[in-house]
Amino acid sequence: MPNHKNELFKNLFVLEAANNHWGDLARGKKIIRDYAAVVRQNRVKAAIKFQFRDVDNFIHQDFKGNQDIRYIKKTEATKMEVAQYRELGEAVRKAGCIPMATPFDEKSVDLCVQLDFPIIKVASSDINDWPLLERIAFHRKPVIISTGGASENSIDQVVAFFEKRDIELAINHCVSLYPSSDSQLELAQISYLKNRYPDHVIGFSTHEMTSWDVSMHISYALGARTWERHIDIDYENVPVAPYCSLPEQVDTWFKAFHKSKEMLGTAYSERRSIADPEVRYLDALVRGVYAKQDLEVGYEFSSATFERDFQLAVPLRRGQISTREINNGLVLTQALKAGEPVTIDHINGPYSENSNLRTLIEERGV
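So, here's what we can say about the structure. (Residues numbered from 1 in each chain as written. Predicted model: local features only at pLDDT ≥ 70, side-chain atom pairs only at ≥ 80, totals over all residues. Heavy atoms only, no water.)

### Concerning the pattern of salt bridges
Here is step 1 of the chain: In total, this model carries 24 salt bridges according to the counting rule given.
Here is step 2 of the chain: In this structure, aspartate 116 engages lysine 141 in a salt bridge whose closest nitrogen and oxygen atoms are separated by 3.4 Å. Of the two residues, aspartate 116 is situated in the loop between helix H5 (106-114) and strand E4 (119-122) and lysine 141 in the loop between helix H6 (130-139) and strand E5 (143-146); the sequence distance between them amounts to 25 residues.
Here is step 3 of the chain: Exposure remark for aspartate 116: the relative accessible area of 49% places this residue in the partly exposed category.
Here is step 4 of the chain: Here lysine 141 falls in the buried class, since its relative accessible area comes to 13%.
Here is step 5 of the chain: As a salt-bridge pair, glutamate 152 and arginine 196 come within 3.6 Å of each other at their nearest N and O atoms. On the criterion of sequence distance, the pair formed by glutamate 152 in helix H7 (residues 152-164) and arginine 196 in helix H8 (residues 189-196) is long-range, its members being 44 residues apart.
Here is step 6 of the chain: For glutamate 152, a relative accessible area of 28% corresponds to the partly exposed category.
Here is step 7 of the chain: One connected set of salt bridges, linked through shared partners, spans Glu16, Lys49, Lys121 and Glu228. (Salt bridge = Lys/Arg side-chain N within 4 Å of Asp/Glu carboxyl O. Helix = DSSP H or I, 4+ residues; strand = E, 2+ residues; numbered from the N terminus. Buried < 20%, exposed > 50% of the residue type's maximum accessible area, 1.4 Å probe, protein only.)

This is how it looks when you write it as structure tokens:
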């Protein structure tokens with residue numbers, strides 16, 4: 001990949017506003033104003049990023065209105081219309097920052113393109129969501145991926161996927177624990193990623209809550225050249241999550257130069273071990289496969305008919321196959337009714353035949 005392509009990502013700070021607008025356009029614009037002032041004061045290149053979901057289809061109809069699953073509850077509570085997202089994007093541009101989003105479904109990828117956002121972010125939970133990645137690649141926007149919870153093989157696959165299509169790519173080290181303690185940061189993974197993927201900008205997406213300067217110095221020294229933090233504002237008595245930074249903390253983050261080695265980590269030459277709590281957290285975010293219509297025994301999965309016959313939606317249920325296991329050529333061994341989840345017992349192949357793979361699928365989900 002030509003080096004000039006990486007210039008877009010170099011020294012880029014991604015301020016992850018996520019859904020902290022809480023569906024309120026005025027609150028979203030205040031977040032933009034407050035952080036744009038800090039960006040201007042520190043003369044850095046920054047994107048303000050939101051999260052996009054096609055809420056009506058992202059959540060399976062049987063779980064709409066569910067108040068017990070936090071992810072579903074917040075997704076519904078923070079829903080915005082396209083016109084509102086357009087206003088937020090324009091406000092980011094007028095403030096001198098780059099508008100950016102993480103789309104969690106295919107329609108939301110199209111929205112990023114419709115709004116002319118220059119960069120698309122892929123969340124750690126979606127690093128192997130191939131229907132989503134295919135849609136992103138179709139539009140050929142530059143991409144930043146986070147690698148929280150991903151195996152070495154999974155990262156290799158997604159990097160090769162974008163390299164084959166000659167799409168600009170940056171790769172963030174990330175630990176998907178919210179918040180993260182200093183001892184969980186594993187900052188040495190930055191060196192591992194730089195050595196393994198030398199043609200790409202390597203970054204650090206962080207959720208720690210105890211420091212806004214030490215990890216910046218260490219990550220920069222290790223070669224990180226793009227960074228991401230969740231942001232929020234202390235406003236109208238809305239609680240601020242412990243993994244979110246406030247404007248004054250981001251100001252400290254931007255100004256960081258000399259700090260200690262406390263958070264350096266140890267894994268220099270191999271992929272870190274993924275803790276069970278992180279695996280469970282990310283499994284809860286993965287979309288499950290549901291039948292859109294009645295399907296007979298012998299039905300063969302194909303990318304040509306997949307969108308017609310199946311819905312990808314949360315939550316992922318126990319024993320249900322997810323976007324991670326979809327392959328052309330899988331065959332139904334049991335009939336399916338419209339709306340039913342596709343489980344490990346409905347398909348042939350290694351996921352149902354390999355006892356270790358089968359156990360992993362049977363033990364995840366809700």
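### With respect to the pairing of strand E7 (residues 201-206)
Each regular strand shows side chains that alternate between the opposite faces of the sheet.
Here is step 1 of the chain: Of all six residues making up E7, six are buried, and the element is well covered by its neighbours.
Here is step 2 of the chain: Side-chain alternation along E7 places Val201, Gly203 and Ser205 on one buried face and Ile202, Phe204 and Thr206 on a second face that is also buried.
Here is step 3 of the chain: Here strand E6 (residues 169-174) runs beside E7; their pairing, made up of five bridges, is parallel. Across the sheet, the residue bridging to alanine 170 is valine 201, located in E7.
Here is step 4 of the chain: Taken together, E6, H8 and E7 constitute a β-α-β crossover, and its handedness is right-handed.
Here is step 5 of the chain: Where the polypeptide runs from E7 across helix H9 (residues 214-222) and back to strand E8 (residues 226-230), its parallel neighbour, the crossover connection is right-handed. (Pairing = 2+ DSSP bridges. Right-handed = clockwise from strand over helix to strand, strands pointing away.)

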